[in-house]
Amino acid sequence: MKSYDAKNKDDIAEAKRLHAKPWMLHALTLNPHCVYWGPHEDCMMKEGDGWESRRIIPTWREYDSGLDDLNEVVHFYFSIDRSGTKCENCGGDGYHPDAHWISNSFYRHSSPFVCEEVQERAAHDLVKSFSLEAPDQKPLREAKFPSPTVLKRYGQAFLDFCHEMSDGDGFWKDKITQDEVDALVKEKRLEASITSDEVNAAQEHSRFGLMKHDAISRHILIEKRCERLGVPVTCLACEGSGRISVGRDKTRLVLTLWVLHPRKGASRGIEISSIRKSELPAVITFLKKAAARNAERFAKVNLT
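Note that the structure is a prediction, hence the values are computed from the model and not measured.

## A closer look at helix H1 (residues 9–18)
Okay, so step 1: Listing the buried residues of H1 in full gives Asp11, Ala15, Arg17 and Leu18. Along the axis of H1, the buried positions cluster into a sector of 160°, meaning they face one direction only. In H1, the exposed residues that point more than 90 degrees away from the buried face are Lys9 and Lys16.
Okay, so step 2: Where H1 is buried, its residues touch helix H2 (22–28), strand E2 (72–82), strand E4 (243–245) and strand E5 (251–261).

Right under this line is the structure:
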């Protein structure tokens, strides 16, 4: 959990599920706007001992880096987590098993409607290698289609979607509909004047364009398509968290830092996996010092 609004029913429910304490929830209110990065995501996942490799530090007492010319903290966020095991019902992604036909087919490389080819596996193993992840040892994926039992649960629209995927190229990231575009607009992910044709065309024309779908937009699109097709979105076993939590006393306040190493020309994500209530004042003092150092670097720039 990375944000908390005391008036939001979903946030209240998530806080209750995690058994989050009031002081932990208060820490979330200190977060900056963007909290969708960290040592478990994207290019920050790299393992190893290099200056660009992520660090996972169990406790605040074990964090051994100060603030100096070699270590500058330029971003942060608090989150609340609870120890647990991966949910076997959803495979850890938080989606309802039936929603996997929709969520996994967003991209071709994960689509159940597509046979995985040797060269595709090799390409994805190459991408994994940059973060030192091991190559995939599972057999190549074979094309599948929902069973009659699954198809019977839902209406004609879901069946038509499955046939469209199976008979076409097997994925839909560049085939979103206008109601899905409207959902992105509502969440301020796109401009209001955009059309589905324009968004779909943009998926092929530029690598990092403003209309390219990131993880947040993908989730919004999956939710909307599941809603339209009558398929439940969230895994009931883990309530969408991807994990089965254990023990109320296992709830933790986590601190994630984006640290630059200017003399090394590198940066990395650092997670401090457990912050105690008694340590929070020291953590806040540390972050205030980091903020002051960042402001000092730009002090000579006249912004008026």
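## Remarks on the sheet that holds E5
Okay, so step 1: Strand order in the open sheet formed by 4 strands is E1-E6-E5-E2, and the pairing between neighbours is mixed. Two strands lie at the open edges of the sheet, namely strand E1 (55–57) and E2, each paired on one side alone. The sheet shows a mean angle of 20° between the axes of neighbouring strands, direction not considered.
Okay, so step 2: In this sheet, E5 lies alongside E2 in antiparallel orientation, the contact comprising 10 bridges. From the neighbouring strand, isoleucine 80 faces E5, where its bridge partner is leucine 253.
Okay, so step 3: The strands touched by helix H10 (residues 280–297) are E2, E5 and strand E6 (266–275); relative to E2, the strand with the most contacts, the crossing angle is about 150°.

Reading the values: rules and limits
Residues numbered from 1 in each chain as written. Predicted model: local features only at pLDDT ≥ 70, side-chain atom pairs only at ≥ 80, totals over all residues. Heavy atoms only, no water. Buried < 20%, exposed > 50% of the residue type's maximum accessible area, 1.4 Å probe, protein only. Helix = DSSP H or I, 4+ residues; strand = E, 2+ residues; numbered from the N terminus. Arc of directions from axis to C-beta. Contact = heavy atoms within 4.5 Å. Pairing = 2+ DSSP bridges. Axes fitted to C-alpha atoms, helices over the stretch in contact; angles between N-to-C directions.

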